[in-house]
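Fold and contact review
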Amino acid sequence: MKIESQYVEHQRRHARAQLPPDFARRVIEEARQNAGVAGLALRLRLVAITGVLCVMGAMSMHWIQMQYTQQQNLQTWTTTAEQIRVLEESI
Amino acid sequence: MAEISPEVEDLAALIRRAQDGSEAALEILIARFQDRIAGFVYSLIGRDDAIEDLCHDIFIKMISGLSGLKNPDSFEAWLFRIARNVAMDSLRRKRLWRMFVPFEPKHEQIAEAPRTDSRLETFRAALEGMPPNQKELILLLAENDWSYEQLAEITHSTVSAVKSRLFRAREYLRQRVADED
């Protein structure tokens, strides 16, 4: 047997003793928990993104509404100002 | 519980079953490779207090990435690549930590190295004296008869770099072992 192989076998024997007998089962259980946490995190992220999109939508609608109202008010005021000017000139 | 003996089932079939979501297959797969991976990690990092945690990380990564593995024949190289990356990251973190934390003996309370015969001890000392990127190649080749291409893939390197590092590593080992004799 080559020295490298002997060394690897020796290291493997020592390392094996550091792992618990149910190592594989523990890993699988943790992977399952991680998948559950990842799924929950994904759902929470979706809820958060939906919430942010709703707020942004409401703010956009509000801004558009404000712009429209302002435009309407300006037009009304322009008409009123014109009427006042004509009235003042006629007096 | 795994219903098929780990030694009996063909590796490719086992990988395919694990990819299909069989926990029993995953358990057999881990059980089949855990000793080799633990030994490889231990040889790379030289400490036995971190073996369990690192092996845990390696197999968790294996489980999460297994569905993306297209060719079951490359499984072993792929798994050793994960193991190598996790071990190297651990070494890097350890080096970084040493830069910021003043050395105290309590920080290095590692288990005493297992007793070995003198040839193995010489070999171990020679391995410890070589750069990690040469050491990993010697350890990988002792694990399996990888091709240069596979070694390059596992170590994120090129074939020519692998050849040159391997040549230097073998020369160094030969020299060291000859010096001890």
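What counts, and where the lines are drawn
Residues numbered from 1 in each chain as written. Chains lettered and ligands numbered in written order. Predicted model: local features only at pLDDT ≥ 70, side-chain atom pairs only at ≥ 80, totals over all residues. Helix = DSSP H or I, 4+ residues; strand = E, 2+ residues; numbered from the N terminus. Rg over C-alpha atoms; globule rule 2.2 N^0.38 Å. Buried ≥ 20, exposed ≤ 12 C-beta atoms within 10 Å, placed from the backbone. Contact = placed C-beta atoms within 7 Å. Nonpolar A, V, L, I, M, F, W, Y, C, P; charged D, E, K, R; others polar. Domains from an automatic or database assignment. Expected span 1.5 Å × (residues − 1). Bend = angle between axes of the 7 residues up to and from the residue. Core = buried A, V, L, I, M, F, W, Y, C linked by C-beta atoms within 7 Å. Axes fitted to C-alpha atoms, helices over the stretch in contact; angles between N-to-C directions. Parallel < 35°, antiparallel > 145°, perpendicular 65-115°, else oblique. pLDDT = per-residue confidence, 0-100.

Considering the overall build of chain A
- Counting its secondary structure elements, chain A contains two helices and zero strands.
- A globule of 91 residues ought to have a C-alpha radius of gyration of about 12 Å, yet chain A, at 37 Å, is considerably larger.
- Principal-axis analysis of the C-alpha atoms places the extent of chain A at approximately 120 × 30 × 15 Å.
- In chain A, which comprises 91 residues, the proportion classed as buried is 9%.

Description of the overall build of chain B
- The number of helices and strands found in chain B is eight helices and zero strands.
- Listed by position from the N terminus, the elements making up chain B come as α-α-α-α-α-α-α-α.
- Looking at the 181 residues of chain B, the share that counts as buried comes to 30%.

Some remarks on the interface of chain A and chain B
- The interface of chain A with chain B comprises 22 residues on the first partner and 31 residues on the second.
- Of all the elements in the fold, those that place two or more residues in the side of chain A that touches chain B are helix H1 (3-16) and helix H2 (23-90) of chain A.
- No other element matches H1 of chain A, which puts twelve residues into the side of chain A that touches chain B.
- Class assignment for the residues of the side of chain A that touches chain B results in ten nonpolar, seven polar and five charged.

Considering the domain arrangement of chain B
Residues and elements named next belong to chain B.
- Under the domain assignment, chain B is made up of domain 1 (1-112) and domain 2 (115-181).
- Those elements that place two or more of their residues in the side of domain 1 that touches domain 2 are helix H2 (23-45) and helix H4 (75-100).
- The element contributing the most residues to the side of domain 1 that touches domain 2 is H4, with six residues.
- Classifying every residue of the side of domain 1 that touches domain 2 gives five nonpolar, two polar and four charged.

Re unusual backbone geometry
- The phi angle at His-156 of chain B is positive, at roughly 55 degrees, despite the residue not being glycine.
- With 11 C-beta atoms counted inside 10 Å, the residue His-156 of chain B sits in the exposed group.

Quick word on helix H6 (residues 132-143) of chain B
- For H6 of chain B, which comprises twelve residues, the first-to-last C-alpha distance of 16 Å matches the rise-based estimate of 16 Å (1.5 Å per residue) to within 8%.
- With nine of its twelve residues buried, H6 of chain B lies for the most part within the structure.

Regarding H2 of chain B
- The largest bend in H2 of chain B amounts to roughly 45 degrees and is located at Gln-34 of chain B.
- Among the residues trailing H2 of chain B, Gly-46 of chain B stands out with phi positive, at a value near 70 degrees.

Notes on the nonpolar core
Residues and elements named next belong to chain B.
- Counting 49 residues, the largest nonpolar core has Leu-29, Ile-37, Val-41, Cys-55, Ile-58 and Ala-83 as its most contacted members.
- Here this core takes 13 residues from H2, the largest share from any one element.
- Per-domain counts for this core show at least three residues from each of domain 1 (1-112) and domain 2 (115-181).
- With residues near it in sequence (within four places) discarded, Ala-83 still touches Ile-37, Phe-40, Val-41 and Ile-58.

Some remarks on the packing of H1 of chain A against helix H5 (residues 118-128) of chain B
- One way to put it is that H1 of chain A packs onto H5 of chain B with a least axis distance of 10 Å and a crossing angle of 90 degrees. If you check the angle between H1 of chain A and H5 of chain B, you find them roughly perpendicular. Contact residues: H1 of chain A offers Ile-3, Gln-6, Tyr-7 and His-10 of chain A, while H5 of chain B offers Arg-119, Leu-120, Phe-123 and Arg-124 of chain B.
- Class assignment of the residues belonging to the contact of H1 of chain A with H5 of chain B gives a composition of four nonpolar, two polar and two charged.

Focus: the confidence of the model for chain B
All names here are of chain B.
- When pLDDT is averaged along chain B, the result is 84; 85% of the residues meet or exceed 70.
- The least confident element of chain B, judged by mean pLDDT, is H5 at 84; the most confident is helix H3 (residues 51-65) at 94.
- For this predicted complex, the interface confidence score (ipTM) comes to 0.75, while the overall pTM stands at 0.71.

Quick word on the environment of Asp-57 of chain B
All names here are of chain B.
- With respect to the helices, strands and loops of the structure, Asp-57 is situated in helix H3.
- For Asp-57, a count of 20 C-beta atoms within 10 Å translates into the label buried.
- For the pair Asp-57 and Ile-82, spaced 25 residues apart in sequence, the C-alpha to C-alpha distance is 9.3 Å.

Remarks on the packing of H1 of chain A against H6 of chain B
- For the pair H1 of chain A and H6 of chain B, interaxial distance at closest approach is 9 Å and the crossing angle is 90 degrees. As judged from the angle between their axes, H1 of chain A and H6 of chain B are roughly perpendicular. Contacts between H1 of chain A and H6 of chain B involve Glu-4, Ser-5, Tyr-7 and Val-8 of chain A on the former and, on the latter, Ile-138, Leu-139, Ala-142 and Glu-143 of chain B.
- Counted by class, the contact of H1 of chain A with H6 of chain B contains five nonpolar, one polar and two charged residues.

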